[in-house]
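Structural features, examined
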Amino acid sequence: LDTLLQHLARPAPATTPFVEVHFSPLLSRPLIVSGELQYGGPDSLARTVEKPYSEHTEIHGDEVSVVRGSGKPRTFSLQRSPELKTLLTSFSALLGGNRQQLESSFTLAVSGDDAHWSLQLTPRDSRISQRVAHITVSGAAASPRCMTTTAPDGSVTVMLMEEAARTPVAPD
(Lines give C-alpha, C1' and ligand atoms only; values in the text may rest on other atoms or scores of the structure.)
Protein backbone atom coordinates (compact mmCIF):
# COMPACT_ATOMS: atom_id res chain seq x y z
CA LEU A 1 0.00 0.00 0.00
CA ASP A 2 2.76 2.48 0.87
CA THR A 3 4.51 1.88 -2.46
CA LEU A 4 1.24 2.28 -4.38
CA LEU A 5 0.44 5.54 -2.57
CA GLN A 6 3.93 6.88 -3.30
CA HIS A 7 3.36 6.16 -7.01
CA LEU A 8 -0.09 7.80 -6.99
CA ALA A 9 1.00 10.98 -5.18
CA ARG A 10 0.78 14.09 -7.37
CA PRO A 11 2.00 17.57 -6.53
CA ALA A 12 -0.76 20.17 -6.55
CA PRO A 13 -2.04 21.51 -8.82
CA ALA A 14 -2.76 18.49 -11.00
CA THR A 15 -5.39 17.96 -13.70
CA THR A 16 -6.69 14.93 -15.53
CA PRO A 17 -9.45 14.29 -18.04
CA PHE A 18 -12.33 12.05 -16.96
CA VAL A 19 -15.28 10.19 -18.38
CA GLU A 20 -17.95 9.17 -15.89
CA VAL A 21 -20.72 6.65 -16.51
CA HIS A 22 -23.67 6.50 -14.09
CA PHE A 23 -25.66 3.26 -13.92
CA SER A 24 -28.85 3.51 -11.88
CA PRO A 25 -32.14 1.63 -11.68
CA LEU A 26 -33.76 5.08 -12.02
CA LEU A 27 -32.20 5.67 -15.46
CA SER A 28 -33.42 4.00 -18.66
CA ARG A 29 -29.85 4.10 -19.99
CA PRO A 30 -26.50 5.04 -18.49
CA LEU A 31 -25.66 8.74 -18.19
CA ILE A 32 -22.22 9.57 -19.60
CA VAL A 33 -20.47 12.83 -18.72
CA SER A 34 -16.93 13.97 -19.47
CA GLY A 35 -14.61 16.78 -18.56
CA GLU A 36 -11.64 17.50 -16.33
CA LEU A 37 -10.73 17.04 -12.67
CA GLN A 38 -8.46 19.55 -10.96
CA TYR A 39 -6.68 18.74 -7.70
CA GLY A 40 -5.55 21.90 -5.92
CA GLY A 41 -4.27 20.36 -2.69
CA PRO A 42 -5.66 18.55 0.36
CA ASP A 43 -8.85 20.65 0.65
CA SER A 44 -9.35 21.67 -2.96
CA LEU A 45 -10.93 19.72 -5.80
CA ALA A 46 -12.74 20.92 -8.92
CA ARG A 47 -14.75 19.01 -11.50
CA THR A 48 -15.65 20.58 -14.83
CA VAL A 49 -18.23 18.75 -16.93
CA GLU A 50 -18.00 19.68 -20.61
CA LYS A 51 -20.35 17.09 -22.17
CA PRO A 52 -23.32 16.56 -22.47
CA TYR A 53 -23.91 19.72 -20.41
CA SER A 54 -21.77 22.41 -18.79
CA GLU A 55 -21.19 22.34 -15.03
CA HIS A 56 -18.34 23.43 -12.77
CA THR A 57 -18.10 22.24 -9.17
CA GLU A 58 -15.41 23.47 -6.80
CA ILE A 59 -14.67 22.33 -3.28
CA HIS A 60 -12.48 24.57 -1.14
CA GLY A 61 -12.26 23.58 2.51
CA ASP A 62 -15.85 23.10 3.66
CA GLU A 63 -17.52 25.14 0.89
CA VAL A 64 -18.91 23.74 -2.35
CA SER A 65 -19.79 25.94 -5.31
CA VAL A 66 -21.73 24.65 -8.33
CA VAL A 67 -22.32 26.58 -11.56
CA ARG A 68 -24.50 25.04 -14.28
CA GLY A 69 -24.17 26.50 -17.74
CA SER A 70 -24.10 30.28 -17.51
CA GLY A 71 -26.18 30.30 -14.33
CA LYS A 72 -25.35 31.81 -10.97
CA PRO A 73 -23.19 29.85 -8.53
CA ARG A 74 -24.95 27.84 -5.82
CA THR A 75 -22.92 27.34 -2.67
CA PHE A 76 -23.42 25.00 0.25
CA SER A 77 -21.48 23.43 3.08
CA LEU A 78 -19.67 20.17 2.43
CA GLN A 79 -21.30 18.91 5.64
CA ARG A 80 -24.62 18.71 3.70
CA SER A 81 -23.14 16.23 1.23
CA PRO A 82 -21.28 13.38 2.94
CA GLU A 83 -20.63 11.59 -0.38
CA LEU A 84 -18.81 14.66 -1.74
CA LYS A 85 -16.79 14.83 1.46
CA THR A 86 -15.91 11.14 1.04
CA LEU A 87 -14.87 11.75 -2.58
CA LEU A 88 -12.70 14.71 -1.57
CA THR A 89 -11.12 12.70 1.25
CA SER A 90 -10.34 9.74 -0.98
CA PHE A 91 -8.99 11.86 -3.86
CA SER A 92 -6.93 14.07 -1.56
CA ALA A 93 -5.47 11.14 0.35
CA LEU A 94 -4.67 9.22 -2.85
CA LEU A 95 -3.13 12.19 -4.65
CA GLY A 96 -1.34 13.31 -1.49
CA GLY A 97 -0.02 9.80 -0.77
CA ASN A 98 -1.56 10.03 2.71
CA ARG A 99 -2.11 6.52 4.07
CA GLN A 100 -3.11 7.74 7.53
CA GLN A 101 -5.91 9.91 6.13
CA LEU A 102 -7.15 7.04 3.96
CA GLU A 103 -7.14 4.60 6.87
CA SER A 104 -8.95 7.04 9.16
CA SER A 105 -11.89 7.20 6.72
CA PHE A 106 -11.78 3.80 4.98
CA THR A 107 -11.01 0.15 5.43
CA LEU A 108 -8.49 -0.65 2.68
CA ALA A 109 -7.89 -3.77 0.60
CA VAL A 110 -5.12 -3.88 -2.02
CA SER A 111 -4.73 -6.55 -4.68
CA GLY A 112 -2.64 -7.12 -7.80
CA ASP A 113 0.93 -6.13 -8.53
CA ASP A 114 2.82 -3.09 -9.85
CA ALA A 115 1.62 -3.72 -13.40
CA HIS A 116 -2.12 -3.97 -12.55
CA TRP A 117 -3.48 -3.12 -9.13
CA SER A 118 -6.74 -2.48 -7.36
CA LEU A 119 -7.45 -0.59 -4.14
CA GLN A 120 -10.85 -0.96 -2.47
CA LEU A 121 -11.95 1.70 0.01
CA THR A 122 -14.89 0.89 2.29
CA PRO A 123 -16.20 3.83 4.36
CA ARG A 124 -15.82 3.43 8.13
CA ASP A 125 -18.55 5.98 8.91
CA SER A 126 -22.01 4.35 8.97
CA ARG A 127 -23.66 7.54 7.63
CA ILE A 128 -21.38 7.49 4.58
CA SER A 129 -21.86 3.76 4.05
CA GLN A 130 -25.60 4.39 3.67
CA ARG A 131 -24.74 6.24 0.44
CA VAL A 132 -21.40 4.72 -0.60
CA ALA A 133 -20.89 0.97 -0.15
CA HIS A 134 -17.33 1.10 -1.47
CA ILE A 135 -14.97 2.79 -3.90
CA THR A 136 -12.58 0.73 -6.01
CA VAL A 137 -9.64 2.43 -7.69
CA SER A 138 -7.75 0.38 -10.25
CA GLY A 139 -4.82 1.16 -12.44
CA ALA A 140 -1.48 0.22 -13.90
CA ALA A 141 1.93 1.25 -12.61
CA ALA A 142 1.63 4.85 -11.29
CA SER A 143 -1.58 5.64 -13.19
CA PRO A 144 -5.06 5.40 -11.72
CA ARG A 145 -7.29 4.35 -14.62
CA CYS A 146 -10.71 3.71 -13.14
CA MET A 147 -12.63 4.62 -9.99
CA THR A 148 -15.85 2.70 -9.39
CA THR A 149 -18.23 3.94 -6.71
CA THR A 150 -20.92 1.48 -5.66
CA ALA A 151 -23.97 2.58 -3.68
CA PRO A 152 -25.97 0.27 -1.40
CA ASP A 153 -28.99 0.55 -3.75
CA GLY A 154 -26.98 -1.01 -6.59
CA SER A 155 -26.24 2.24 -8.42
CA VAL A 156 -22.73 2.32 -9.81
CA THR A 157 -20.62 5.19 -11.12
CA VAL A 158 -17.53 4.34 -13.15
CA MET A 159 -15.01 7.13 -13.66
CA LEU A 160 -12.25 6.62 -16.22
CA MET A 161 -9.21 8.84 -15.68
CA GLU A 162 -5.97 9.80 -17.40
CA GLU A 163 -5.33 7.73 -20.57
CA ALA A 164 -8.41 5.56 -19.96
CA ALA A 165 -10.57 8.71 -20.25
CA ARG A 166 -9.43 9.17 -23.85
CA THR A 167 -11.12 5.90 -24.89
CA PRO A 168 -14.59 6.50 -26.46
CA VAL A 169 -17.46 5.21 -24.32
CA ALA A 170 -20.71 4.16 -26.03
CA PRO A 171 -23.98 4.60 -24.09
CA ASP A 172 -25.32 1.12 -24.94
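These remarks concern the structure in this document.

Procedures and definitions
- Residues numbered from 1 in each chain as written.
- Predicted model: local features only at pLDDT ≥ 70, side-chain atom pairs only at ≥ 80, totals over all residues.
- Heavy atoms only, no water.
- Helix = DSSP H or I, 4+ residues; strand = E, 2+ residues; numbered from the N terminus.
- Rg over C-alpha atoms; globule rule 2.2 N^0.38 Å.
- Buried < 20%, exposed > 50% of the residue type's maximum accessible area, 1.4 Å probe, protein only.
- Contact = heavy atoms within 4.5 Å.
- Areas by Shrake-Rupley, 256 points an atom, 1.4 Å probe, with all protein chains shown as cover.
- Lys, Arg positive; Asp, Glu negative; His and termini not counted.
- Charge placed at Lys NZ, Arg CZ, Asp CG, Glu CD.
- Salt bridge = Lys/Arg side-chain N within 4 Å of Asp/Glu carboxyl O.
- Pairing = 2+ DSSP bridges.

**Topic: the overall build of the chain**
- Scanning the chain from terminus to terminus reveals four helices and 11 strands.
- Here the C-alpha atoms of the chain give a radius of gyration of 16 Å, agreeing with the 16 Å that 2.2 N^0.38 yields for 172 residues.
- Of all 172 residues assigned to the chain, the portion counted as buried reaches 40%.
- Long-range pairs, those at least 24 residues apart, make up 35% of the contacts in the chain with a sequence separation of at least 6.
- When the accessible surface of the chain is totalled, it reaches about 9400 Å², and 53% of it is carbon and sulfur.
- Measuring between centres, the 15 positive side-chain charges of the chain sit 6 Å from its 18 negative side-chain charges.

**Structural notes on the pattern of salt bridges**
- As enumerated under the stated definition, the model contains eight salt bridges in all.
- In this structure, Glu20 and Arg47 form a salt bridge, with 2.4 Å as the shortest nitrogen-oxygen distance. Taken together, the positions of Glu20 in strand E1 (residues 14-23) and Arg47 in strand E3 (residues 44-51) put the pair 27 residues apart, joining distant regions of the chain. Here Glu20 matches Arg47 in class, with each residue buried.
- Shared partners join several salt bridges into a network, and the residues in it are Glu20, Arg47, Glu55 and Arg68.

**Digging into unusual backbone geometry**
- In this structure, the amide linkage connecting Ala12 to the following residue, Pro13, adopts the cis form with an omega of -5°.
- Secondary-structure assignment places Pro13 in the loop between helix H1 (2-8) and E1.
- Residue Pro52 follows Lys51 across a cis peptide bond; omega there is 0°.
- Residue position: Pro52 is located in the loop between E3 and strand E4 (55-60).

**Structural notes on the pairing of strand E11 (residues 156-161)**
- Of all six residues in E11, five are buried, a share of seventy percent or more.
- Sheet topology note: the E1/E11 ladder contains six bridges and is antiparallel. Directly across from Phe23, in E11, lies its bridge partner Val156.
- Two strands pair when backbone bridges link them, and strand E10 (residues 143-150) and E11 are joined in this way by five bridges, in the antiparallel orientation. Across the sheet, residue Thr149 finds its bridge partner in E11, namely Thr157.
- The loop that links E10 with its antiparallel partner E11 comprises five residues; one of these, Gly154, has a positive phi angle of about 95°.

This is a description of form; function is not addressed.
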